[in-house]
Amino acid sequence: MPYDTTEADILELFEECGAIDNVHCMKFADTQKFKGLAFITFKTEAAATKALSLDGVNMGGRHIKIEKAKAGGKVLRAPPKREPGSLSVYIGNLNWDIKKIDIMRFFKGCAIDDIRLAHDKRTGDFHGYGHIDFSDEKSLKMATKMDQKELLGRPVKVSYAVSKGSKG
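- Labelled according to an unreviewed UniProt entry, the protein appears under the name RRM domain-containing protein, originating from Adiantum capillus-veneris.

### So, a negative patch on the surface
Reasoning step 1: Taken together, the side chains of Asp4, Asp9, Glu12, Glu15 and Glu16 present a region of like negative charge at the surface.
Reasoning step 2: Along the polypeptide, aspartate 9 turns up in helix α1 (residues 7-14).
Reasoning step 3: Judged by its relative accessible area of 32%, aspartate 9 is partly exposed.

### Digging into α1
Reasoning step 1: For α1, the complete set of buried residues consists of Ile10, Leu13 and Phe14. Each buried residue of α1 sits inside an arc of 85° when the element is viewed along its axis, so together they form one side. What points out from α1, more than 90 degrees from its buried face, is the exposed set Ala8 and Glu12.
Reasoning step 2: For α1, the secondary structure elements touched by its buried residues are β1 (20-27), β2 (34-42), α2 (45-52) and β3 (58-59).

### Things to note about the pattern of salt bridges
Reasoning step 1: For the coordinates displayed, the defined rule picks out six salt bridges.
Reasoning step 2: Where lysine 43 meets aspartate 21, a salt bridge forms, and the shortest distance between an N and an O atom there is 3.9 Å. One end of the pair, lysine 43, is in the loop between β2 and α2; the other, aspartate 21, is in strand β1, with 22 residues separating them in the sequence.
Reasoning step 3: One salt bridge connects aspartate 114 with arginine 116, and the closest N-O pair in it is separated by 3.3 Å.

### Describing the side chain of aspartate 133
Reasoning step 1: Counting through the fold element by element, aspartate 133 comes out in strand β7 (residues 126-134).
Reasoning step 2: Of the polar contacts made by the side chain of aspartate 133, one reaches the side chain of serine 88; its length is 2.4 Å.
Reasoning step 3: Excluding residues that lie within four positions of it along the chain, aspartate 133 makes contacts with Leu87, Ser88, Ala111, Ile112, Asp113, Asp114 and Arg116.

### What to know about the packing of aromatic side chains
Reasoning step 1: If you walk through the whole model with that rule in mind, you get five aromatic pairs.
Reasoning step 2: Relative to phenylalanine 42, the ring of phenylalanine 14 has its centre 6.2 Å away and its plane inclined at 70°; by these criteria the two rings are edge-to-face. With phenylalanine 14 in helix α1 and phenylalanine 42 in strand β2, this residue pair connects regions lying 28 residues apart in the sequence. Each of the two residues, phenylalanine 14 as well as phenylalanine 42, counts as buried.
Reasoning step 3: Here the aromatic rings of phenylalanine 106 and phenylalanine 107 are separated by 4.9 Å at their centres, their planes lie at 85°, and the arrangement is edge-to-face.
Reasoning step 4: Judged by its relative accessible area of 11%, phenylalanine 106 is buried.
Reasoning step 5: A cation over an aromatic ring shows up here: arginine 62 above the ring of tyrosine 3, its NZ or CZ 5.3 Å from the ring centre.

Criteria and thresholds
- Residues numbered from 1 in each chain as written.
- Predicted model: local features only at pLDDT ≥ 70, side-chain atom pairs only at ≥ 80, totals over all residues.
- Heavy atoms only, no water.
- Patch = residues over 30% accessible without salt bridge, like charges linked within 9 Å, V, L, I, M, F, W, Y side chains within 5 Å.
- Areas by Shrake-Rupley, 256 points an atom, 1.4 Å probe, with all protein chains shown as cover.
- Salt bridge = Lys/Arg side-chain N within 4 Å of Asp/Glu carboxyl O.
- Lys, Arg positive; Asp, Glu negative; His and termini not counted.
- Charge placed at Lys NZ, Arg CZ, Asp CG, Glu CD.
- Helix = DSSP H or I, 4+ residues; strand = E, 2+ residues; numbered from the N terminus.
- Buried < 20%, exposed > 50% of the residue type's maximum accessible area, 1.4 Å probe, protein only.
- Arc of directions from axis to C-beta.
- Contact = heavy atoms within 4.5 Å.
- Polar contact = N/O pair within 3.5 Å; in protein donor to acceptor, adjacent residues only side chain to side chain.
- Phe/Tyr/Trp six-rings, centres within 6.5 Å; stacked < 30°, edge-to-face > 60°.
- Lys NZ or Arg CZ within 6 Å of the ring centre and 35° of its normal.

This is the structure in structure tokens:
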């Protein structure tokens, strides 16, 4: 969702689906600004199912993704499958001030070949995610077990990296 979306905007978009119990707008811990992600609890399963039909709708110039979530906010989506021969992981939800040394400490004991943090090509701003290449299977396995462990105050997403264009 657009970063300037309010709870009122969300309620308005989903009002046709049915009664809403709760809207939880995710915010960045450091700035309290909206992350573009919200969890909506509907009063009925029918209302939640109707909300799923709005997947891809345009909201403020952005086509939003609507998915069913489990209790606790975990999206029901299969993790990416490992691509044959790959020794790389995706790391996401990283602290904006993270340095490569922080990542090396987090993955202590893993043989790291390369760390690539994603930055905007035009502005140089950090995107909050990156990729790590490991030297061996053991390190890759150890790294994937770090999924959702806290690094600099944030639960880090660690999953197998997928190549561009792959659905994982």
